[in-house]
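Spelled out from the first residue to the last, the chains are:
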Amino acid sequence: MPIRIVIAEDSMLVREGVRRVLDLQPDLRVVATCADLPQLMAAVDEHDPDVVVTDIRMPPLSSDEGIRAATELRASRPGVGVVVLSQYAEPAYATPLLAGGSSGRAYLLKERVSDPHQLIEAVRTVARGGSVIDPAVVEALVADSAHTRSSPLGRLTTREREVLGQIAQGKSNAAVGSALFLTERAVEKHINTLFAKLGLGTEPDVNRRVMAVLMYLADHGGASTR
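Keep in mind the model is a prediction, meaning the values are calculated, not measured.

Draft legend 1. Quick look at empty space enclosed by the protein. Evaluation of the coordinates by the stated rule reveals 1 cavity of 30 Å³ or more. Its volume calculated, the largest cavity comes out at about 30 Å³. Lining of the largest cavity is provided by Ile7, Ala8, Glu9, Val18, Val53, Thr54, Asp55 and Leu85. Taken together, the elements giving at least two residues each to the lining of the largest cavity come down to strand E1 (3-8) and strand E3 (51-55). The residue makeup of the lining of the largest cavity, split by class, is 5 nonpolar, 1 polar and 2 charged.

Here's what the structure looks like:
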């Protein structure tokens with residue numbers, strides 16, 4: 001039986017290019033192509049594929065839809081392999097992709113896909129439960145791990161870092177809650193916890209926010225967003 005594949009990519013040219021590369025292989029069969037996250041999840045339900053090949057960013061928000069799909073599939077359909085295609089060797093994407101284990105997961109940079117063999121072998125590998133991680137992504141993960149251990153922000157949880165990132169954009173607690181789908185009370189709790197972890201527990205609230213933002217900006221090279 002051929003390996004059944006669903007492709008999710010909002011660029012028609014990339015989507016069709018990937019489809020043609022995979023469909024040329026006798027042991028691979030593309031059963032659906034999609035342009036956004038809702039279409040992807042619907043196609044998985046309809047076609048029950050062996051592998052999903054997905055971009056990281058696509059509608060509706062063009063943020064991390066491919067990673068979210070991989071995380072959901074890990075829980076709902078653990079037998080489905082996922083190949084993530086990205087323009088970025090970014091730990092912020094690779095870490096959640098691999099958080100539940102690397103089995104059945106691949107992270108490839110799109111620039112490598114100019115060699116069809118790499119994509120084809122990645123699909124076959126994740127279908128068997130193996131993993132493929134682009135060497136540039138591995139290097140980025142190692143560098144990020146070393147940096148995180150030396151940074152005060154390394155003590156924060158992922159959610160606390162997200163809250164701090166929103167604060168660094170000048171948002172109020174209510175606006176942070178709206179952006180992260182949290183109640184204002186939950187935001188306040190996260191803020192108090194991250195202040196304590198950063199050693200800012202005794203400063204006035206305004207000063208603590210300023211100091212926390214300064215730490216965040218220093219850790220991110222002076223930019224409030226990546």
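Draft legend 2. Highlighting unusual backbone geometry. The omega angle of the peptide bond from proline 59 to proline 60 is 15°, so this bond is cis rather than trans. Structurally, proline 60 can be placed in the loop between E3 and helix H3 (65-76). Notably, aspartate 48 is not glycine yet its phi reads approximately 50°, a positive angle. Its identity is not glycine, yet serine 62 carries a phi of approximately 55°, on the positive side. Locating serine 62 in the fold gives a position in the loop between E3 and H3.

Draft legend 3. Fine view of the environment of threonine 125. Within the secondary structure layout, threonine 125 lies in helix H5 (residues 116-127). With a relative accessible area of 14%, threonine 125 lands in the buried category. Here the alpha-carbon distance between threonine 125 and glycine 81, two residues 44 residues apart in the chain, equals 8.7 Å. Discounting residues that sit within four places of it in the chain, threonine 125 has contacts with Gly130, Ser131 and Val132.

Draft legend 4. Examining the sheet that holds strand E2 (residues 28-34) more closely. The strand order across the open sheet formed by 6 strands is E2-E1-E3-E4-E5-E6, and the pairing between neighbours is parallel. Both outer strands of the open sheet, E2 and strand E6 (131-133), are each paired with one neighbouring strand and no more. Taken pair by pair, the neighbouring strands of this sheet meet at an average axis angle of 20°, ignoring direction. For strand E5 (residues 105-109) and E6, the ladder comprises 3 bridges, and the chain directions are parallel. Paired with arginine 105 across the two strands is serine 131, which belongs to E6. Across the face of the sheet, helix H1 (residues 12-23) comes into contact with E1, E2, E3 and strand E4 (81-86) while running at roughly 165° to E2.

Draft legend 5. Examining the side chain of aspartate 55 more closely. In this fold, aspartate 55 is placed in strand E3. Given a relative accessible area of 8%, aspartate 55 falls into the buried group. Among the polar contacts made by the side chain of aspartate 55, one reaches the side chain of lysine 110 at a distance of 3.3 Å. Ignoring any residue separated from it by four or fewer positions in sequence, one finds aspartate 55 in contact with Ala8, Glu9, Asp10, Gly66, Leu85 and Lys110.

Draft legend 6. Summary view of the side chain of asparagine 173. If you trace the backbone, asparagine 173 turns up in helix H8 (residues 173-180). Setting aside residues no more than four positions away along its own chain, asparagine 173 makes contact with Glu184, Val187, Glu188, Ile191 and Arg209.

Draft legend 7. Spotlight on the confidence of the model for the protein. Looking at the protein as a whole, the pLDDT averages 84, with 85% of positions reaching at least 70. Here residues 222-226 is modelled with pLDDT under 50, and outside its nearest four sequence neighbours on either side it reaches 11 contacts, counting other chains as well.

Draft legend 8. Molecular detail of H8. For H8, every residue scored as buried is listed here: Asn173, Val176, Gly177 and Leu180. Along the axis of H8, the buried positions cluster into a sector of 100°, meaning they face one direction only. In the segment just after H8, phenylalanine 181 is the residue with positive phi, at about 60°.

Draft legend 9. Expanded view of the pattern of salt bridges. The tally for this structure, following the rule as stated, stands at 12 salt bridges. In this structure, glutamate 9 and lysine 110 form a salt bridge, with 3.2 Å as the shortest nitrogen-oxygen distance. With glutamate 9 in the loop between E1 and H1 and lysine 110 in the loop between E5 and H5, the pair connects residues that are 101 residues apart, well separated along the chain. Judged by relative accessible area, which is 4%, glutamate 9 ranks as buried. On the basis of relative accessibility, which here comes to 21%, the residue lysine 110 falls in the partly exposed class. Salt-bridge contacts for arginine 68 lead to aspartate 64; the nearest nitrogen and oxygen are separated by 3.9 Å. The partly exposed category is assigned to arginine 68, whose relative accessible area is 37%. Three or more residues are tied together by salt bridges with common partners; here these are Glu9, Asp55 and Lys110.

Rules behind the numbers
Residues numbered from 1 in each chain as written. Predicted model: local features only at pLDDT ≥ 70, side-chain atom pairs only at ≥ 80, totals over all residues. Heavy atoms only, no water. 1 Å grid on protein atoms, 1.4 Å probe; cavity = no way out; pocket = protein on both sides within 12 Å on 5 of 7 lines; lining within 4 Å. Points joined across faces, edges and corners; volume = space filled by probe spheres on them. Helix = DSSP H or I, 4+ residues; strand = E, 2+ residues; numbered from the N terminus. Nonpolar A, V, L, I, M, F, W, Y, C, P; charged D, E, K, R; others polar. Buried < 20%, exposed > 50% of the residue type's maximum accessible area, 1.4 Å probe, protein only. Contact = heavy atoms within 4.5 Å. Pairing = 2+ DSSP bridges. Axes fitted to C-alpha atoms, helices over the stretch in contact; angles between N-to-C directions. Polar contact = N/O pair within 3.5 Å; in protein donor to acceptor, adjacent residues only side chain to side chain. pLDDT = per-residue confidence, 0-100. Arc of directions from axis to C-beta. Salt bridge = Lys/Arg side-chain N within 4 Å of Asp/Glu carboxyl O.

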